[in-house]
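Descriptive analysis of the structure
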Amino acid sequence: MKALVCVKRVIDYNVKIRVKSDKTGVETDNVKMSMNPFDEIAVEEAVRLKENGLVSEIVILSIGQDSSQETIRTGLAMGADRGILVKVDDILLEPLGVGKIIKEVCEKENPEMIIMGKQAIDDDCNQTGQIVATLTNYPQATFASELKKNEDGTLNVTREVDGGLETIKVKIPCVVTTDLRLNEPRYASLPNIMKAKQKKIETIESKDLNLDISPRLEVLEVNDPPERKAGIKVPDVSNLVEKLKNEAKVI
Amino acid sequence: MDSTVNIESNHINIKSFVDERIKTFELVLSELEAMSKKSKDYFVKTLTKDNRIDNALLENYQFESHGFAWFETYRIGLRETFNWLIRLKDSNKAAEIDYNILLYSFAEYVSQMRDGIMISQTEIVRLSDIGITKNDFKFADEPNVNELISFGLSNELKKDIVNSLENGIFPNLGLNDETLEMIQDQFRKFTEEEIIPYANEWHLKDDLIPDQTLEKMAELGVFSIAIPENYGGLGMGKIAMCVVTEELSRGFLAAGSLGTRAEIAGELIRLGGTEEQKKKYLPEIASGNILTTAVFTEPNTGSDLGSLATRATLNGSDYTITGNKTWITHGARSDLMTVLARTDLDKKGYKGLSMFLVEKPRGNCENPFPMDGMSGSEIEVLGYRGMKEYEIALDDIKVSKKQLLGEEEGNGFKQLMETFESARIQTAARAVGVAQNALELALQYAKDRSQFGKQIIKFPRIFNKLAWMVMEITVSRQITLFSAREKDNDVRCDIEAGMAKLLAARVAWSSADSALQIHGGNGYALEYPVSRVLCDSRILNIFEGAAEIQAQIVAKGLIAR
Ligand SMILES: Cc1cc2nc3c(=O)[nH]c(=O)nc-3n(C[C@H](O)[C@H](O)[C@H](O)COP(=O)(O)OP(=O)(O)OC[C@H]3O[C@@H](n4cnc5c(N)ncnc54)[C@H](O)[C@@H]3O)c2cc1C
């Protein structure tokens, strides 16, 4: 089974996000960037499947600028085999555009499993996996917290849904999106970081794909979340109830 | 342009301010270089007797010549900080904080060089001590340089630096290499998740770093960095070593110091060992199967290793080793000792010393030395915990002739000296990591703590300290990476490595002290990690060449060079 893992380069989760003064977006100059944590989980899952002999080849795909090569390289250092970078100009890509590009790459690569994070921590869209499944007409198993391969080649995927866990069976090729509890990604070891230097990353220009990936949405303004106001201490429960009723007006 | 106006307005563009003054920075560097030559000439003249540097004279002028070592340490530090910024600029990666730090470092260090360098908290070296006059510093009063210094020392600039820190923007490490950046990233993560949450507990309980953590570090390749590929290592060089060491030490000094032992033993064997010894031990050290420990110091010989007394006597095909050793880090949980002992009683000093590779069964806390002829006890210490230090008695230990490093007597000290460059660089990187830890703890506390209705970080006496720390950490890091780069390019760098160790150790201590100060009373509580960092940072000025010895080595090297 060949796995295509889609990874996105995002602002590192440790960085304090700052909105640009003109409110057009967030500061990215000199800001530390990393692989989207959910995508890291996707890479880890693919590598584990490969270590267990269930995946034969892992291809990392990222869509972005040259700098996304670094993100791909991290995936290669974790154990993937090769990478593909689809280069886009500096336009705001939306999940639909990303989905179209992934579909193109799938047609070329024919992976049996397309795996990616359930969402990216920058725009929190939670759409790409579902869109890819729609465009490719593959079954989808989203929010995976456990993944098992069956004898007949199908996958059993446990999903985190409201109120519990649901296990579904999907035929391959399929699209899987990963949830937080699927695994704990490994650190790339020094030997593997050295090996990753030799692995190939192919670059494709998105304009050569002749797709309409222009944005459908217009960002009007980006704002900081409101600052949290200081809390107060209430002396007892009746006081609390009183305040919830009369001040907060929530009960 | 009228720069005075510029300085007074709050929003001066630091990037263009510095860009327009690159020539001024270069001028400062060339003036300092000229002064350094003058000072060196002064010492050569003063200390030469019968056409050579006279040791008795050197001792008479110890304070002054060490002052020269510090002056040069500052100068090389500034030069490398300047080169760091230029490289960042060239690759379009220089951020405001990087520019601010460059400017601040020049302003602060040039002022100190002119007015007095604090070589320890109780000793200040003045220009006149090192054969330079105020007149030589006239360039600093010229408008260009003066302007640079006064802006560099301004509150505005320090506030800007700390503003960046508050926003999570730290100075660029200047690695300029994708692979090194990935290494840094991975080890940062490892340290965040596997070291930092436990470090204080290990320290307070005086525990060994757990075996599982050691295993994880071995898997990541920590012990194989410097060992050549044909002996099972990664052959990655000193810069990679520095990156890994700094990150691990940022979590816990002992974590960054585990690699030191592998580094010392690895270098000893790589440079001094026979082919057989290399094949036998290097792959095992690289994989972490064999943990090593350095057994040099004795109760009566620390800095003056040449006078050590442990004896090794050849009887047939075996040596027997007898003597007392002390301060042996990781003495119990280790499998291979590198023991420095005297093989030739007739030769006094360094010449009669040899290095032995002595295998031993691994001990634990209950039974630290399960070997005949070897006993010892733990030395309780302020900090630097996690590996434990021991005093050890060796009583007629039998060691095969084959375990003599290089299978030739009398080379022990020379073999050890060959490892000094690497060990100093690695120790400097440890110090930078500890200082960085102090900075980050202080920053967080200064943001979280409010007094008089304000976050304390808003008070000048607090943000000044933070700005100072990050500035000096940057200079230390850049001089450390510079030595590492030279070493990787096979350029002799013993003096620069010594400077890096000298400066970084002082910076680790002063940063930890300031960080504790920022914590107020809480800093004095064992519960707060900064109290541990203070204890940890103190050792860096003592081992791998105490500050005085390190300054002596640098001074001697500079004057003789
Ligand atoms: C926590 C810890 C771990 C250690 N780990 C190891 C280890 O694993 N293996 C090992 O072999 N050793 C180890 N050491 C020993 C360490 O290397 C020595 O402590 C160090 O070399 C200094 O020697 P000393 O303590 O005997 O001090 P001394 O040499 O007695 O020095 C005392 C003071 O006098 C100063 N001084 C000495 N000579 C001069 C001079 N000529 N001019 C001016 N000042 C001078 C020194 O700088 C110092 O300030 C460790 C020490 C510590 C504290």
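Criteria and thresholds
Residues numbered from 1 in each chain as written. Chains lettered and ligands numbered in written order. Predicted model: local features only at pLDDT ≥ 70, side-chain atom pairs only at ≥ 80, totals over all residues. Helix = DSSP H or I, 4+ residues; strand = E, 2+ residues; numbered from the N terminus. Buried ≥ 20, exposed ≤ 12 C-beta atoms within 10 Å, placed from the backbone. Contact = placed C-beta atoms within 7 Å. Near = placed C-beta within 6 Å. Nonpolar A, V, L, I, M, F, W, Y, C, P; charged D, E, K, R; others polar. Expected span 1.5 Å × (residues − 1). Core = buried A, V, L, I, M, F, W, Y, C linked by C-beta atoms within 7 Å. Domains from an automatic or database assignment. Pairing = 2+ DSSP bridges. Axes fitted to C-alpha atoms, helices over the stretch in contact; angles between N-to-C directions. Parallel < 35°, antiparallel > 145°, perpendicular 65-115°, else oblique. Left-handed = near helix turned anticlockwise from the far one by under 90°.

Helix and strand counts for chain A stand at 6 helices and 11 strands. With the C-alpha coordinates aligned to their principal axes, the bounding extent of chain A is approximately 65 × 45 × 40 Å. Considering chain A as a whole, with its 251 residues, one finds that 37% of them fall into the buried category. Considering only contacts in chain A between residues 6 or more positions apart, those separated by 24 or more positions represent 69%.

With that out of the way, let us pick up the site of the ligand. Residue and element names in this part refer to chain B. Neighbouring residues of the ligand: 18 residues in total, closest Phe296, Gly302, Ser303, Thr329 and Ala546. Where the shell around the ligand is concerned, the elements lending two or more residues are strand S5 (292-295), strand S7 (318-329) and helix H20 (547-560). The dominant element in the shell around the ligand, judged by the number of residues it contributes, is S7, at 3 residues. Split into classes, the residues belonging to the shell around the ligand amount to 12 nonpolar, 4 polar and 2 charged.

Taking 1.5 Å as the rise per residue, helix H11 (residues 238-251) of chain B with 14 residues should run 20 Å; its terminal C-alpha atoms sit 20 Å apart, in good agreement. With 14 of 14 residues buried, H11(B) lies mostly within the body of the structure.

Okay, the interface of chain B and chain A next. With 17 residues of chain B in contact, the opposing surface of chain A contributes 16 residues. Among the elements that line the side of chain B that touches chain A, the one with the most residues is helix H9 (residues 178-205) of chain B, at 7 residues. Class assignment of the residues belonging to the side of chain B that touches chain A gives a composition of 9 nonpolar, 5 polar and 3 charged.

Note that soluble globular proteins tend to have their nonpolar side chains buried in a common cluster. One finds A:Val5, A:Ala46, B:Phe356, B:Ala438, B:Ala442 and B:Leu466 to be the most contacted residues of the largest nonpolar core, which totals 236 residues. Ignoring sequence-local partners within four residues, the contact set of B:Leu466 consists of B:Val162, B:Leu165, B:Leu439, B:Ala442, B:Leu443 and B:Ala446.

Turning our eyes to something else, we now look at the domain arrangement of chain B. All names here are of chain B. Partitioning chain B into domains gives domain 1 (3-166), domain 2 (178-287) and domain 3 (292-411). Of note, the centres of domain 2 and domain 3, computed from C-alpha atoms alone, are 22 Å apart. Broken down by secondary-structure element, the contributors of at least two residues to the side of domain 2 that touches domain 3 are H9, helix H12 (253-272) and helix H13 (275-287). A per-element tally of the side of domain 2 that touches domain 3 places H12 first, with 10 residues. Split into classes, the residues belonging to the side of domain 2 that touches domain 3 amount to 13 nonpolar, 6 polar and 2 charged.

In terms of strand pairing, strand S3 (residues 117-120) of chain B meets strand S4 (residues 123-125) of chain B through 3 bridges, oriented antiparallel. Along S4(B), the bridge assignment pairs B:Ser120 with B:Glu123.

To continue, consider the packing of H9(B) against H11(B). All names here are of chain B. Running from amino to carboxyl end, H9 crosses H11 at an angle of 25°, the nearest separation of the two axes being 7 Å. Viewed along their axes, H9 and H11 adopt a mutual orientation that is roughly parallel. Regarding H9 and H11, the two cross each other, and that crossing is right-handed. Residues Leu180, Ile183, Gln184, Phe187, Arg188, Thr191, Ile195, Ile196 and Ala199 of H9 pack against Ile239, Ala240, Val243, Val244, Glu247, Leu248, Arg250 and Gly251 of H11. Grouping the amino acids of the contact of H9 with H11 by side-chain chemistry returns 11 nonpolar, 3 polar and 3 charged.

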